[in-house]
Amino acid sequence: MNIPMEIERKYLIARLPDHLEQYEYKEIEQGYLNTDPVVRIRRSNEKYTLTYKGSGLMTREEYNLPLNKESFYHLRGKVDGRIIKKRRYLIPYRTSAGEYLIEFDVFDGDLKPLLLAEVEFETEEAANSFVPPDWFGEDVTFSTTYHNSTLSKL
């Protein structure tokens, strides 16, 4: 059986990227029904999902299941901790090693002014050799502090 894996690096942001307004974005609202293991509900614009994530920092199991709007709002009332709200910009990034999609999150509410960027990879080798753009700051991939499941409890 092929287990779906998420391979991702995460960064704090040193400065905003140029021309941010030109990029597509999604309005995201998410909450956690459980944080160990991670069971998350998310509204991304008008798409609703339930996600299970296994343990791990850069690499971990991830399963996404569709939800309808009614199920999302029913489960939203059962969230443990805060509802996280953020705007996610989708920024294409090309290097000599390949093409990537930067998911740049601008947090709202009481997590404002937090800015984080995530980049997903096909392989751990690609993740380990990734050279981020100059507007990225500290690599926090191996810190649980910046996992959204942790942020939901702060």
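First things first, this report covers the structure right here in the doc. (Residues numbered from 1 in each chain as written. Predicted model: local features only at pLDDT ≥ 70, side-chain atom pairs only at ≥ 80, totals over all residues. Heavy atoms only, no water.)

1. Remarks on the pattern of salt bridges
- Applying the stated criterion across every chain yields a total of 16 salt bridges.
- Residue arginine 60 is joined to glutamate 6 by a salt bridge in which the shortest nitrogen-to-oxygen separation is 3.5 Å. With arginine 60 in strand S5 (residues 59-67) and glutamate 6 in strand S1 (residues 5-13), this residue pair connects regions lying 54 residues apart in the sequence.
- Overall, arginine 60 belongs to the buried group, its relative accessible area being 9%.
- A salt bridge links arginine 94 to glutamate 99, with the shortest nitrogen-to-oxygen separation between them at 3.4 Å. (Salt bridge = Lys/Arg side-chain N within 4 Å of Asp/Glu carboxyl O. Helix = DSSP H or I, 4+ residues; strand = E, 2+ residues; numbered from the N terminus. Buried < 20%, exposed > 50% of the residue type's maximum accessible area, 1.4 Å probe, protein only.)

2. Quick word on the packing of aromatic side chains
- Taken as a whole and assessed by the stated rule, the structure comprises 14 aromatic pairs.
- For the ring pair tyrosine 100 and phenylalanine 121, a centre distance of 5.5 Å and an interplane angle of 65 degrees mean the geometry is edge-to-face. Of the two residues, tyrosine 100 is situated in strand S7 (residues 98-107) and phenylalanine 121 in the loop between strand S8 (115-120) and helix H2 (124-128); the sequence distance between them amounts to 21 residues. By the burial criterion, tyrosine 100 is buried, and phenylalanine 121 matches it.
- Geometrically, the ring pair formed by tryptophan 135 and phenylalanine 136 is edge-to-face, given 4.8 Å between the ring centres and 80 degrees between the ring planes. No difference in accessibility class separates tryptophan 135 from phenylalanine 136, as the two residues are buried.
- Linked through ring pairs, Tyr11, Tyr25, Tyr89, Tyr93, Tyr100, Phe104, Phe121, Phe130, Trp135 and Phe136 together constitute an aromatic cluster.
- Lying over the aromatic face of tyrosine 25, arginine 87 brings its terminal NZ or CZ to 3.9 Å of the ring centre. (Phe/Tyr/Trp six-rings, centres within 6.5 Å; stacked < 30°, edge-to-face > 60°. Lys NZ or Arg CZ within 6 Å of the ring centre and 35° of its normal.)

3. Quick look at the pairing of S7
- In this structure, strand S6 (residues 84-95) lies alongside S7, joined through ten bridges in antiparallel fashion. Each bridged residue has a counterpart across the sheet, and for proline 92 the counterpart in S7 is leucine 101.
- Taken together, S6 and the strand that follows it, S7, pair antiparallel across an intervening segment of two residues.
- As judged from the five bridges shared by S7 and S8, these two strands associate in the antiparallel manner. Within the sheet, the bridge partner assigned to isoleucine 102 lies in S8 and is valine 119. (Pairing = 2+ DSSP bridges.)

So far we have only geometry, and geometry alone does not tell us how the molecule works.
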